[in-house]
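# Descriptive structure summary
Each chain, written out:
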Amino acid sequence: MSICFDDNKKIFKLDTQRTTYMIGLTQEGYVGHVYYGARLESACAAHLLRTGEPPFTPGVLPSEKAAFLDTLPMEYPTGGVSGYRETALELLNELGQNGCELFYRSYTIEEGKPELEGLPSSFKGAAADGEVMTLRLLLEDPVLNVTVELRYSVFEKEDVITRSAVITNAADKTRTIRKAYSACLDLDNEDMELITLTGAWGRERHIERQKVRHGRTYVGSTRGYTSHQEHPFIALVTPETTQKTGSAYAMHFVYSGNFRAQAELSQWDNVRMTMGIDPDRFTWVLDPGCSFAVPECVLTYSECGLGRMSRNLHDFYRNHMIRSPWLHRERPILINNWEATYFNFDTEKLLSIVREAKKCGIEMLVMDDGWFGHRNLDDSSLGDWYVNEEKIKGGLKYLTEEVNKIGLKFGIWFEPEAISPDSDLFRAHPDWALQISGREGTLSRGQYVLDYSRKEVRDAIYDMISGILRSANIDYVKWDMNRSISDIGNLVLPPERQQEISHRYVLGVYELQERLTKDFPDLLLENCAGGGARFDPGMIYYSPQIWCSDDMDSVERLRIQEGTELAYPLSVMGAHVCCAPNHTTGRILPFETRGHVALSGTFGYELDITKIPDEDREMIQAQTQQYHQFHSLIADGDYYRIHSWNDEQPYDCWGTVAKDGSEALFTYVQVLAKPNQHSKKIRLDGLDPQGVYELRTYGSETKNPMNGEIMAHIEDGVYTGEELMKAGILAGAVPGDYRSRLWHLVRK
Ligand code: GLA
């Protein structure tokens, strides 16, 4: 039983395989936080609730409310009645006054995990073998007559606890939610550092680490979607935390809209970690009898560093969040025509790509932006989801049949949330764009955003998209979203509900993706947003893969993919081989290195295969074979980060190890050559220490520039797991920048 209640001590204890989370009830009925950390087998730790500490110096009464609420570690702190650290919930009464105080009423413990209506959320999962249990704590504000059900689900095997809450208005008057976070965690400060994933278009999810200082430090999005810039993931770590050592507390938000993730170091030297919907752009009017579900937040704790934290999250998402039947299936190796042609293509051009692709072992064509309406540039036709037969001569059915005849599957691009001013849809329904009365709409990439809070808008788009999908043999959809959202208002909701639109919009996106995946259960759906601006746990509930970034330069990808892998399994990361020079950075990288780096993701090509040099095209054959050989190891194995280019090392190294330790694949990239360099000792990780492994290096042999001699791979040989992990192997130094190798290990 992973959840139990000690009635004498009034303590709830939630245990995973290696962690314990404890909640305590105070005499007054407040729900306090007791402990989160390494698993406690016996101890009760009730003393940690700290209910008896005196307040500030001039005060004498230990439990006077003002001071008490300011110091008590709390599970779901509320606003308006003192307690000046970050709150999780702010409610207004019918007079518009802000005040809320929650008292414990009852609890239930159940097997499995309830759904969150209208929202993506984790589930028990048929295949998972660990226990999943849920604790519901019912809290009440007797003055507002509002209840809050705090939900904690315990995923024993993955060391994950998820949190969410359902707020219900039991009064006969309206209540207004001004803020409703998903999780709050009070921790003692251990010289904590905050890890975040930050970036921009083309350089998403770079890892940053900073000391937590007094006050509030947060990342968030106010762009209406997850954003390129900041990511709904934070981890608190101690200064000594590395990949293998030290504490890591992580929070990850299952949501695809505005968010705020924060660490607040208070005067008492404790850190309050919070995660939830961005409160500045959110209000929800709760009518009598209505409930509001806050999105789910994923928590994990590792006492063995960041590596275990990542593996916990990877296993959790694979076992309990991704629903697609494609999760463990080998995804077709695709070729996407975006960087090959941009808008300039027709049936014949696409078929010429397909013919070449077939010869090299590529399995699917993805027709990107530009096939619909009269779109020849990014200034028109979004919303007109019918085929442009001037470009797609013979129609879509003809094209897909020809592609299938050659032997490839077919995928297609949509941007379902966008509307161009120059579109039939906008001309017919100008009110369908988000807008603020009396103001000219704000264009971004020449487009407005559709009002997905409205059902008739979603239905109309869905009819067009599903019509296209039924009109031809289409195996894959890339769902794109190419701008931050602005002008968040509409012409239908009353004034007091206008601030609900950002959240209603996100619920609308979820509803449409739910419909799409239900009606087309075998469809391979990829989410995308101008690259990786909507890469979040909410999206992987609908799509098993997300386009990681528009930047396919493999050196840039080292940072982007390392940041992404910190929280997501590799099977989720859309990664393609691009052409040279790279269209974003202008950098020219060896074709082999481009392949090795993309191999760690969903794998495909985004280049004009009819125009690349013959020697590159020849290499595709070997790369596609490697993908088939290594796919399940990469997608389903345990991830180990060995070295990081992000840490200013001249090289980068990571790998995946089969769950039973029988096989492993590590990728080594020498980013910059150093003069007079020697072989580098690399200590691998995750192997069976007693196992004897045969190591084979994949990577072209290098010619010594001094004498033209072929430099053989010095790494190949037979080693024990122990020596590979403790002593390491020598990565042979090769002349040249951006050189890479794969090390494949098979236990004998
Ligand atoms: C976004 C995507 C690209 C491509 C273009 C098309 O930028 O990330 O992959 O689909 O849109 O407009």
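Structural data are supplied above this passage.
Overview of the structure. What you are looking at is a predicted structure, and each value in this text was computed from that prediction instead of being measured. (Residues numbered from 1 in each chain as written. Predicted model: local features only at pLDDT ≥ 70, side-chain atom pairs only at ≥ 80, totals over all residues. Heavy atoms only, no water.)

## Focus on the packing of aromatic side chains
Following the criterion strictly, the structure yields 36 aromatic pairs and no others. Taken together, a centroid distance of 4.8 Å and an interplanar angle of 70 degrees make the contact between F535 and Y568 edge-to-face. On the criterion of sequence distance, the pair formed by F535 in the loop between β26 (524–527) and β27 (545–547) and Y568 in the loop between α9 (554–565) and β28 (573–574) is long-range, its members being 33 residues apart. Across the pair, Y568 and F535 agree in class, each one buried. For the pair Y541 and Y542, a centre-to-centre distance of 5.1 Å together with 90 degrees between the ring planes defines the contact as edge-to-face. The pair Y541 / Y542 is uniform in exposure class, with both members buried. Each residue in the set Y21, Y36, Y152, Y249 and Y301 is aromatic and connected to the rest through ring pairs, giving one cluster. The ring of Y541 carries the charged tip of R323 above its face, separated from the ring centre by 3.7 Å. Sitting over the ring of W326, R329 keeps its end group 4.7 Å from the ring centre. (Phe/Tyr/Trp six-rings, centres within 6.5 Å; stacked < 30°, edge-to-face > 60°. Helix = DSSP H or I, 4+ residues; strand = E, 2+ residues; numbered from the N terminus. Buried < 20%, exposed > 50% of the residue type's maximum accessible area, 1.4 Å probe, protein only. Lys NZ or Arg CZ within 6 Å of the ring centre and 35° of its normal.)

## Digging into the packing of helix α7 (residues 455–471) against helix α8 (residues 501–519)
With their axes 11 Å apart at the nearest point, α7 and α8 run at an angle of 25 degrees to one another. Overall, the two elements α7 and α8 adopt an arrangement that is roughly parallel. As for the relative orientation of α7 and α8, their crossing is right-handed in sense. Here R458, D459, I461, Y462, I465, L469 and R470 of α7 lie close against α8, whose contacting residues are G508, E511, L512, R515, L516 and D519. Here the residues of the contact of α7 with α8 sort into six nonpolar, one polar and six charged. (Axes fitted to C-alpha atoms, helices over the stretch in contact; angles between N-to-C directions. Parallel < 35°, antiparallel > 145°, perpendicular 65-115°, else oblique. Left-handed = near helix turned anticlockwise from the far one by under 90°. Contact = heavy atoms within 4.5 Å. Nonpolar A, V, L, I, M, F, W, Y, C, P; charged D, E, K, R; others polar.)

## What about the site of the ligand?
Taken together, 13 residues are adjacent to the ligand, and D368, D369, K478, G531 and D550 come closest. K478 has a polar side-chain atom sitting 2.7 Å from an oxygen atom of the ligand. Within the side chain of N482, one N or O atom sits 3.0 Å away from an oxygen atom of the ligand. The protein chains hide 97% of the 310 Å² of surface that the ligand would expose on its own. When grouped by side-chain class, the residues that make up the shell around the ligand number four nonpolar, three polar and six charged. (Near = heavy atom within 4 Å. Polar contact = N/O pair within 3.5 Å; in protein donor to acceptor, adjacent residues only side chain to side chain. Areas by Shrake-Rupley, 256 points an atom, 1.4 Å probe, with all protein chains shown as cover.)

## Concerning the sheet that holds strand β2 (residues 11–15)
The strand order across the open sheet formed by four strands is β1-β2-β3-β4, and the pairing between neighbours is antiparallel. The sheet is open, and its two edges are formed by β1 (3–6) and β4 (31–38), each paired on a single side. The average undirected angle you get between the axes of adjacent strands in this sheet is 15 degrees. Note: strand β3 (residues 19–25) against β4, seven bridges, orientation antiparallel. Note that in β4 the partner of Y21 across the bridge is Y36. (Pairing = 2+ DSSP bridges.)

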